[in-house]
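The primary structure of each chain is shown beneath.
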Amino acid sequence: MIARVRVIAVPAALVVAALLPALIPHPFVLTLATQAMVWALLAASWDLLSGYTGQVSFGHAGFFALGAYAAATATKHADLSPWLGLVFAALVAALVGGLAGFPALRLRGHYLALVTLGLAEIVRLVAQNWLELTGGPFGIHDYRTFPGLPAAPLAHRQARYVIVVAIVAASVVAMRALCERTPAGKAFRAIREDEVLAEMLGIRTTVYKLLAFVVSSAFAGLAGALYAYDVQLVSPSVASAATTSFVIGMAVFGGLGTVWGPVLGALLLFGLSEGLRFIGVVYNLIAVGLVIMIFVVFVPRGLAGGRRTA
Amino acid sequence: MLESLAEFAIQGIVLGGLYALFAVGLTLIFGVLDVINVAHGEFFAIGGYLAFAAIVVLHWPGAAGVAGAAVGTFLLGLGVYPLLLAPLKRRLGARPRGPLYLVLTLGLSTFLQSSLLAAAGGDYLRVPPYAGGVLDLSFTAVSHQRLLVLVVSIVLLGGLFLFLRFHREGLAVRAVAQNPDAAQAMGINLPRVFALTLALGVGLAGAGGALMAPLFNVYPTVGFPLTIKAFAITILGGMGNLAGALVASFLISLAEAFSVMLIPSEWQNAIAFAVMIVMLLLRPSGLLGGGGRR
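Just so we're clear, the structure is a prediction, and the values are computed from it rather than from any experiment.

(A) Here's a closer look at the overall build of chain A. Of regular secondary structure, chain A possesses 13 helices and two strands. Per-residue burial over chain A gives 55% buried out of 310 residues. Put simply, 78% of the contacts in chain A that link residues at least 6 apart link residues at least 24 apart.

(B) Representation of the overall build of chain B in the model. In terms of regular secondary structure, chain B is built from 11 helices and two strands. The linear arrangement of helices and strands in chain B, starting from the amino end, is α-α-α-α-β-β-α-α-α-α-α-α-α. Whereas a compact globule of 294 residues would reach a radius of gyration of roughly 19 Å, chain B reaches 19 Å, a difference of no more than 12%. Burial status across chain B gives 51% buried among its 294 residues. Sequence separation of at least 24 residues holds for 74% of the intrachain contacts in chain B that already meet a minimum separation of 6.

(C) Fine view of the environment of R160 of chain A. As for its position among the elements, R160 of chain A is in helix α7 (residues 153-181). Its 21 C-beta neighbours within 10 Å are what place R160 of chain A among the buried residues.

(D) Here's a closer look at helix α10 (residues 242-259) of chain B. All names here are of chain B. Taking 1.5 Å of rise per residue, 18 residues should cover 26 Å, and α10 covers 26 Å from first to last C-alpha, within 8% of that figure. Inspection of α10 places L242, G244, A245, L246, V247, A248, S249, I252, S253, E256 and A257 among the buried residues, and these make up the whole buried set. On its buried face, α10 is in contact with α1 (2-33), α9 (224-237) and α11 (268-282).

(E) Just the packing of helix α2 (residues 27-52) of chain A against helix α12 (residues 260-277) of chain A, in detail. Residue and element names in this part refer to chain A. Remark: α2 packs on α12, axes separated minimally by 8 Å, with the N-to-C direction vectors making an angle of 135°. One way to sum up the angle between α2 and α12 is to call them oblique. α12 is crossed by α2, and the crossing has right-handed handedness. Side by side, α2 and α12 meet where L32, Q35, A36, W39, A40, A43, A44, W46 and D47 of the first sit next to P262, V263, G265, A266, L267, F270, G271 and E274 of the second.

(F) Molecular detail of the interface of chain B and chain A. At the interface, 37 residues of chain B touch 35 residues of chain A. Every element with two or more residues in the side of chain B that touches chain A is listed here: α3 (62-92), α4 (100-120), α9 and α11 of chain B. Residue contributions to the side of chain B that touches chain A peak at 13 residues, all from α4 of chain B. In the side of chain B that touches chain A, the residues fall into 27 nonpolar, six polar and four charged.

(G) Structural view of the packing of helix α3 (residues 60-77) of chain A against helix α10 (residues 205-231) of chain A. All names here are of chain A. Packing of α3 against α10 brings their axes to within 7 Å, and their N-to-C directions diverge by 50°. Looking at the two axes, α3 sits oblique to α10. Considering only the axes of α3 and α10, their crossing is right-handed. Counting all contacts with α3, which are made through H60, F63, F64, A65, L66, G67, A68, A70, A71 and A72, the residues of α10 involved are S217, A220, G221, L222, A223, G224, A225, Y227, A228 and Y229. In terms of residue class, the contact of α3 with α10 is built from 15 nonpolar, five polar and no charged.

(H) A look at the nonpolar core. The biggest cluster of nonpolar side chains holds 203 residues, and the ones touching the most others in it are A40, L41, A43, A68 and A71 of chain A together with M276 of chain B. In terms of residue count, the dominant contributor to this core is α1 of chain B (16 residues). When neighbours within four sequence positions are excluded, A68 of chain A is seen to be in contact with G224, A225, Y227, A228, V234 and V238 of chain A.

(I) Representation of unusual backbone geometry in the model. Positive phi, close to 60°, is recorded for D142 of chain A, a residue that is not glycine. Owing to 9 C-beta atoms within 10 Å, D142 of chain A belongs among the exposed residues under this scheme. Its identity as a non-glycine residue notwithstanding, D34 of chain B has a phi of 60°, on the positive side. For D34 of chain B, a count of 15 C-beta atoms within 10 Å corresponds to the partly exposed category.

(J) Up close: the confidence of the model for chain B. Residue and element names in this part refer to chain B. In this model, chain B carries an average pLDDT of 85, and 95% of its residues clear a pLDDT of 70 or more. When the elements of chain B are averaged for pLDDT, strand β1 (residues 134-136) gives the smallest value, 75, and helix α2 (residues 40-57) the largest, 92. Interface confidence for the predicted complex, given as ipTM, is 0.79, next to a pTM of 0.85.

(K) Structural context of the confidence of the model for chain A. The predicted model of chain A averages 83 in pLDDT, with 90% of residues at 70 or higher. For chain A, helix α1 (residues 2-23) of chain A is the element with the lowest average pLDDT, namely 67, and α3 of chain A is the one with the highest, namely 92.

(L) Summary view of α2 of chain B. Taking 1.5 Å per residue as the helical rise, α2 of chain B with its 18 residues ought to reach 26 Å, and the 25 Å between its terminal C-alpha atoms agrees with that figure. Of all 18 residues that make up α2 of chain B, 15 are buried, and the element is covered over most of its length.

Cut-offs applied
- Residues numbered from 1 in each chain as written.
- Chains lettered and ligands numbered in written order.
- Predicted model: local features only at pLDDT ≥ 70, side-chain atom pairs only at ≥ 80, totals over all residues.
- Helix = DSSP H or I, 4+ residues; strand = E, 2+ residues; numbered from the N terminus.
- Buried ≥ 20, exposed ≤ 12 C-beta atoms within 10 Å, placed from the backbone.
- Contact = placed C-beta atoms within 7 Å.
- Rg over C-alpha atoms; globule rule 2.2 N^0.38 Å.
- Expected span 1.5 Å × (residues − 1).
- Axes fitted to C-alpha atoms, helices over the stretch in contact; angles between N-to-C directions.
- Parallel < 35°, antiparallel > 145°, perpendicular 65-115°, else oblique.
- Left-handed = near helix turned anticlockwise from the far one by under 90°.
- Nonpolar A, V, L, I, M, F, W, Y, C, P; charged D, E, K, R; others polar.
- Core = buried A, V, L, I, M, F, W, Y, C linked by C-beta atoms within 7 Å.
- pLDDT = per-residue confidence, 0-100.

Now the structure itself:
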């Protein structure tokens, strides 16, 4: 009974809470709320691959940046509609994620983390050095955002927020459904708990690991595209390891292997980190580091109190 | 042409000394604790800051500053195992260790990096060279500072190998690397060896940071690119293989030095990552490894 109430009440409360900022007529709050939602999607996508399937990626900043750059450059240089830009970004990130997934078929644990970290670093170097396409160290800007939004600044921000919330919510629900309601989700969990055993039970671990990679990087790319169209500036620092660290902190904070836990963790940690900016701009990352260390060691289930972590 | 080749070779060898100091420490930690220390570069940065504090602020002589920085980082490193890794190990118990240690040291890296930023600011701090002048080789000139880095790196690495080969504690470290259970059965105190190994590894990084301070300047993120490069080196050499790490350090640094003849210098840093990915695809056990699947 209680479980049933939770199934309905928790998502309902989340949706209401998510839509509240749209009613607050304050551009600063709306800006922060929109960004928090983008982070939530990125953290959820990381969790699908790393928390749920147990394949720890240190390169989600790379997939995120790929999506952001794909969206921004396609809209700026090819005048692609931002709606299609979202799809394009997800496809580009999924393609690279799939390619990165191939080493993952052979590698475990440490090695995978190192490869993905190297991949993100290559994305960052390309972004920094391919001046014609990416604008180099200063980044890419002056491209249009979603068409047909109200012209008044406040209404414009509110509309943009609602768009981002809708896309993020739909994505998170889709990822959660994939993990909880399909055979793929069961396979993901089996791979996390014991890959060798999963293989012996006839689960095609190779296929499902690759699937987790592609889905996770596609949603990370989608988050990047939302970021690009919202912030209107993409610079190489997006691909830095600090981004990955932030995302992992959010997922660990919220609770690994639940998909919605990292969403919660992202909203809270982003809020905490922005709040700390008022004290001093450097303290937010100290907090991120502390949160990661404390939660990994002492609160392994995170705030969501999900299932045992790998 | 020949002269510039020789010049690149010398640059590569000097840089290789630094990479070796850094990567051998990382490899030692991995070999004994089975933990990849993502925060290794931050200890390099701490070494630089300690050298700055000792030499520029307290006006110590250069040699004392470098030694002090190395010892300081070593002492800091002594705390990492008991305070961070041991509690996680206790919680995980007999379950597979998984990549949680990576996430944990990533948290430590972020924490240390931003703490340095908060404590010292983001400015590039300058440390005066420990040795002035240049060595004139007629076709090229090498600054004494660079030679000093190379010589001290070699001395420190030589000391480490002697320690591991002959000293009682060093033998314990190698025993644990080979078989922790058997080592414990023989009465070796595992937590003590783990703490000591971690401190030794990051102490080497701290010494490297102090040595390089006059060449690199000192800022909070100075060590992070080195960490990623050292990952590539340890994979090229074979994870946990000290001799492999040593060889791979020089291979990567020479490849980087010679690469300027073929590709623009801003892509130099991509070489290590490309090598890492190719190695992982073709031969994950490393150049000197057994070739088995990991």
